[in-house]
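Remarks on the overall topology
In case you want the letters, here they are:
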Amino acid sequence: MFDVIGLGAAVYDTLLEIPSFPEEDTKLRASGLLFQGGGPCSTALAACAALGLRAAFIGAVGGDAAGAFLSDELARLGVDTAFLLRRPDCVSFHSYVLLHRAAATRTCVAYPGTAAPPQPDELPADFLRTARVLHLDGNHLDAAIAAARIARDAGVTVCLDAGSLYPGIDALLPLVDWLIPSERFVCRFTGTDDAGEGARRLYDAFRPAVLAVTQGERGGFLLTPDGIRRYPAFPVDAVDTNGAGDVFHGAYIAARLRGLGEYDAAVFASAASALKCTGMGARRHLPSFSAVTAFLRSRGVSLSP
């Protein structure tokens, strides 16, 4: 039995640290280079594993060197890859990330590759039913909807990282228990500039058990029966914010499965996300559970189930 099983994109990231943003049709020398695994769901699962959960990933990669790298890295980080599909003679999903540290920005250029995503008839239904939580990122939508239905029928909690507004995502939302969208998703999906009002519209439409909105360096908020309750961000000397939101989702799942309530889990996840940002790479500085609790104690925050 696994604590969390995820289904989503596996991405091979090439991260370039740059001294300034390049102008078109010019050359620029990068100041740093890093190859790493990426993808919202797979990075969240790596965070779950670092925090002590039994995690497994369902996805698809090409039969290229990038696909082998992604599989090997997840396994090394403690994520089971028995159902990571390898597509021979296909190219894996690639992303090129420009990290402009002085401006604290990251710019991504993505190529989805040629490896077909998991199909609904390729899903390991019995395996999915063993999980406590199914985590999705909105990618591979047909398979995600099928997996969510299997999970809901088996009493498995469905968690969604709604970071981007993918076409057809509204068909998945009714199947989600823990809905954790970005502020951008909330506003774009509901057609409002007010994230609070957008969250209320989302809740009225889909009635998730949890609705927690992420707002980056401003922290975020939960929509509760008593209204909006904000959770904090934790300022740190940030080196690399790439993957911070993904780590938030993984840490939220880990905290809930350790018995924390929805607000305390959001605080814990915000702290884990901040710690990740203190090192280079989306998965190279994933904090342990004890590191997050120590970080919170140092800031006068004590959480308990």
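In this report, the structure presented in the accompanying data block is examined.

1. A closer look at the sheet that holds strand β3 (residues 32–38)
Backbone hydrogen bonds hold the strands of a sheet together, and the pairing may be parallel or antiparallel. Strand order in the open sheet made by the four strands is β3-β2-β6-β7, with mixed pairing throughout. The sheet is open, and its two borders are formed by β3 and β7 (105–111), each paired with just one other strand. Sheet twist, expressed as the average angle between the axes of neighbouring strands with direction ignored, equals 20°. Two elements, strand β2 (residues 11–18) and strand β6 (residues 93–100), share eight bridges in a ladder whose sense is parallel. Looking at β6, one finds that T14 is bridged to Y96.

2. Quick look at the nonpolar core
Judged by nonpolar contacts, the single largest core of 51 residues is most densely connected at V4, F57, I253, F268 and V292. Of all the elements, helix α8 (residues 262–276) adds the most residues to this core, at nine residues. When neighbours within four sequence positions are excluded, V4 is seen to be in contact with L45, C48, L53, R54, A55, A56, V133, H135 and I253. The next biggest cluster of nonpolar side chains, apart from the first, holds 41 residues, and it includes L136, L175, A199 and F206.

3. A closer look at the environment of I58
Within the secondary structure, I58 is located in strand β4 (residues 55–62). C-alpha of I58 to C-alpha of A9: the two residues are 49 residues apart in sequence and 8.8 Å apart in space. Beyond its immediate stretch of four places on either side in the chain, I58 contacts I5, G6, L7, G8, F83, L123, P124, F127 and L128.

4. As for the packing of helix α7 (residues 244–257) against α8
The N-to-C vectors of α7 and α8 enclose an angle of 140°; their axes lie 7 Å apart at closest approach. With respect to each other, α7 and α8 are oriented oblique. Between α7 and α8 the crossing geometry is right-handed. Facing A244, G245, V247, F248, A251, Y252, A255 and R256 of α7, the residues of α8 in contact are E262, A265, A266, F268, A269, S270, A272, S273 and K276.

5. Observations concerning the pattern of salt bridges
Side-chain pairs of opposite charge can arise whenever the charged atoms involved come near each other. Tallied over the entire structure, the rule returns 10 salt bridges. Between D3 and R132 there is a salt bridge, and its shortest N-O distance comes to 3.3 Å. Remark: R132 occurs in the loop between α3 (125–128) and β8 (133–136) and D3 occurs in the segment before β1 (4–7); sequence separation between them is 129 residues. Residue classification places D3 among the buried positions, given a relative accessible area of 4%. Among the ionic pairs, E183 bridges to R218, the shortest N-O distance being 2.3 Å. Remark: R218 occurs in the loop between β11 (210–214) and β12 (220–224) and E183 occurs in helix α5 (residues 183–190); sequence separation between them is 35 residues. Of the residues examined, E183 reaches a relative accessible area of 22% and is grouped as partly exposed. Connected through salt bridges with shared partners, the residues D3, R54 and R132 form a single ionic network.

Calculation rules
- Residues numbered from 1 in each chain as written.
- Predicted model: local features only at pLDDT ≥ 70, side-chain atom pairs only at ≥ 80, totals over all residues.
- Heavy atoms only, no water.
- Pairing = 2+ DSSP bridges.
- Helix = DSSP H or I, 4+ residues; strand = E, 2+ residues; numbered from the N terminus.
- Axes fitted to C-alpha atoms, helices over the stretch in contact; angles between N-to-C directions.
- Core = buried A, V, L, I, M, F, W, Y, C linked by side-chain atoms within 4.5 Å.
- Buried < 20%, exposed > 50% of the residue type's maximum accessible area, 1.4 Å probe, protein only.
- Contact = heavy atoms within 4.5 Å.
- Parallel < 35°, antiparallel > 145°, perpendicular 65-115°, else oblique.
- Left-handed = near helix turned anticlockwise from the far one by under 90°.
- Salt bridge = Lys/Arg side-chain N within 4 Å of Asp/Glu carboxyl O.

All quantities given are derived from atomic positions and should not be read as evidence of function.
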